[in-house]
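Overview (structure and organization)
Residues per chain, in single letters:
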Amino acid sequence: MTLRWTRRPEGSTWGDFGPDDELGRLNLLTPEKVLQGVAEVRAGLTFCLSLPLDLPGGNVLNPRRHPPQITPTRRADGRPNMNFPVCEEVDGATDVICDDRALIHLQYSTQWDSLAHVGSLFDADGTGATPTYYNGFRGGRDIVGPSAPEAADQPSRAKRLGIERLAETGMQGRAVMIDLRAHLGDAKTKVGYDQLARILEADGVVIEPGDMVCLHTGFAERLIAMGGDPDPKLVHNLCAGLDGRDPRLLEWITRTGLCALIADNYAVEAYPAGPGPACCATLPLHEHCLFKLGVNLGELWHLTPLAAWLRAHGRSRFLLTAPPLRLPGAVGSPTTPIATV
């Protein structure tokens, strides 16, 4: 077995699923886990867990990400292909055609992060720290793209660890809801291990290896109420996020064996993370999940209606179906997740 690395990050799963593995903890999303998810379907009700993909609105959450723009495709003569009567080109035709295209920032709204989304400067082979991703895949070789400002519009591609790996896996199985909002309200709160453990115990929530875990904070519900015009002062001071600086919380993620971690807030973890060691990640939970463990992250999902139904019926588990776009080489993707209860 030949590895791309001679050293791996402490506490990582690099190599555990094979030298060329690109799935990480999704290897635990087995047929048995799918059957466990199906077994949670009792009422036959479905919940759409996606925001409208033009929310949050504007770019106050992230200045680099913008709402989608939808425009018509064009006919051969340049005319817009919208409400186009085909009889203008074919005598007697009764067809009227609409056809459009979208310019979309893939991680603007409800989304999955691939394992190529966040890596780390890491010395995997004793030659010095370089941009490195899960299982030792390298920036510049396995994840490629322009670096100079004048080349910023040139193509990029995750040759390994791209979002298509999630689509190929199917992203269907048993999911578990942790209802932080029911205990913490809408105040901005960093949730560490002790607080999380109390909530799990109070609600009788049990997480097993291969489960997809959803964190309901209420943030997406508040975004919807803002109607596409989020208040820049308010939006950064709402709702709970996990404390990525809490080592016991990170160890809990490792220990549970969860295969994906999802939230209805902006980043799953509280951002900014707060003070850390002199040399550390600004997104410590992203580093722990994406770079070390191979745990995909879902962000800005709309979980409130589902969380309310589950709480009212004394349940926390459900069937989740949430494939991303099968877009080879992308590092993230919109998703329209469906929960079935």
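Model, not experiment: these values are computed from the prediction.

**Concerning the overall build of the protein**
Tallying secondary structure elements over the protein gives 8 helices and 19 strands in all. Computed over its C-alpha atoms, the radius of gyration of the protein comes to 21 Å, within 12% of the 20 Å expected for a compact globule of 341 residues. Buried residues in the protein amount to 50% of all 341 residues. Partitioning the intrachain contacts of the protein with sequence separation of at least 6 by distance along the chain shows that 75% fall at a separation of at least 24.

**A look at empty space enclosed by the protein**
Per the counting criterion, the structure on display carries 1 cavity of 30 Å³ or more. Estimates place the volume of the largest cavity at around 70 Å³. Pro56, Gly58, Asn59, Val60, Leu61, Asn62, Arg65, Gln107, Tyr108, Gln111, Tyr266 and Leu300 are the residues that line the largest cavity. The class makeup of the residues in the lining of the largest cavity is 6 nonpolar, 5 polar and 1 charged.

**Considerations on the side chain of glutamate 164**
Structurally, glutamate 164 can be placed in helix α2 (residues 164-169). Take glutamate 164: its relative accessible area is 6%, and that puts it in the buried class. Polar side-chain contacts of glutamate 164 include one of 3.1 Å to the backbone nitrogen of glycine 329. Setting aside chain neighbours within four positions, we find glutamate 164 in contact with Ala158, Arg326, Leu327, Pro328, Gly329 and Ala330.

**Here's the deal with the layout of surface pockets**
If a probe as big as a water molecule is rolled over the atoms, it shows which places are left empty. Size it by volume and the largest pocket reaches roughly 650 Å³. Lining the largest pocket are 21 residues, with Arg65, Leu106, Gln107, Ser156 and Val331 sitting closest to its centre. At the level of elements, β9 (143-144) and β10 (157-158) are the ones that each hand at least two residues to the lining of the largest pocket. Taken together, the residues of the lining of the largest pocket sort by class into 11 nonpolar, 7 polar and 3 charged.

**Some remarks on helix α4 (residues 193-203)**
The complete set of buried residues in α4 reads Tyr193, Leu196, Ile199 and Leu200. The buried residues of α4 occupy an angular sector of 125° when the element is viewed end-on, so they sit on one face. Summarising the geometry of α4, the exposed residues directed more than 90 degrees from the buried face are Arg198, Glu201 and Ala202. Among the structural elements, β11 (172-179), α3 (180-184), β12 (189-191) and α6 (247-256) are those in contact with the buried residues of α4. Two residues or fewer after α4 comes glycine 204, characterised by a positive phi angle close to 65°.

**Quick look at the pattern of salt bridges**
Across all of its chains, the model carries 24 salt bridges by this definition. In this structure, arginine 165 and glutamate 164 form a salt bridge, with 3.9 Å as the shortest nitrogen-oxygen distance. Pair check on accessibility: arginine 165 and glutamate 164 agree, each one buried. Here arginine 311 and aspartate 179 are joined by a salt bridge, their closest N and O atoms 3.1 Å apart. Pair noted here: arginine 311 is in helix α8 (residues 304-312) and aspartate 179 is in strand β11, with a separation of 132 residues, a long-range link. Its relative accessible area of 39% is what places arginine 311 among the partly exposed residues.

**Focus on the pairing of β11**
With 7 of 8 residues buried, β11 is to be regarded as a mostly interior element. Pairing geometry for β11 and strand β13 (residues 212-216), over 5 bridges, is parallel. Across the sheet, residue isoleucine 178 finds its bridge partner in β13, namely leucine 215.

**Comments concerning the sheet that holds β11**
Taken in spatial order, the 9 strands make up an open sheet running β1-β19-β17-β11-β13-β15-β16-β6-β18, and their pairing is mixed. Each edge of the open sheet carries a strand with a single partner, namely β1 (46-48) and β18 (332-334). Going across the sheet, the axis of each strand differs from the next one's by a mean of 25°, ignoring polarity. When β1 meets strand β19 (residues 338-340), the two strands line up antiparallel, connected through 3 bridges. Along β19, the bridge assignment pairs threonine 46 with threonine 340. Lying over the sheet, helix α7 (residues 284-293) contacts β6 (111-113), β15 (260-263) and β16 (296-299), oriented at roughly 130° with respect to β16.

**Concerning unusual backbone geometry**
Between leucine 55 and the following residue, proline 56, the backbone shows a cis peptide bond with an omega angle of 20°. Its location among the elements puts proline 56 in the loop between β1 and β2 (69-72). Here the bond from tyrosine 271 into proline 272 is cis, since omega is 0°, no more than 30 degrees from zero. Among the secondary structure elements, proline 272 is positioned in the loop between β15 and α7. Although it is not a glycine, cysteine 239 adopts a positive phi angle of roughly 70°. Position of cysteine 239 among the secondary structure elements: in the loop between α5 (219-225) and β14 (240-242). Look at leucine 300: it is not a glycine, yet its phi comes out positive at around 60°. Within the secondary structure, leucine 300 is located in the loop between β16 and α8. Leucine 300 sits in the buried class, given a relative accessible area of 1%.

The rules we used
- Residues numbered from 1 in each chain as written.
- Predicted model: local features only at pLDDT ≥ 70, side-chain atom pairs only at ≥ 80, totals over all residues.
- Heavy atoms only, no water.
- Helix = DSSP H or I, 4+ residues; strand = E, 2+ residues; numbered from the N terminus.
- Rg over C-alpha atoms; globule rule 2.2 N^0.38 Å.
- Buried < 20%, exposed > 50% of the residue type's maximum accessible area, 1.4 Å probe, protein only.
- Contact = heavy atoms within 4.5 Å.
- 1 Å grid on protein atoms, 1.4 Å probe; cavity = no way out; pocket = protein on both sides within 12 Å on 5 of 7 lines; lining within 4 Å.
- Points joined across faces, edges and corners; volume = space filled by probe spheres on them.
- Nonpolar A, V, L, I, M, F, W, Y, C, P; charged D, E, K, R; others polar.
- Polar contact = N/O pair within 3.5 Å; in protein donor to acceptor, adjacent residues only side chain to side chain.
- Arc of directions from axis to C-beta.
- Salt bridge = Lys/Arg side-chain N within 4 Å of Asp/Glu carboxyl O.
- Pairing = 2+ DSSP bridges.
- Axes fitted to C-alpha atoms, helices over the stretch in contact; angles between N-to-C directions.

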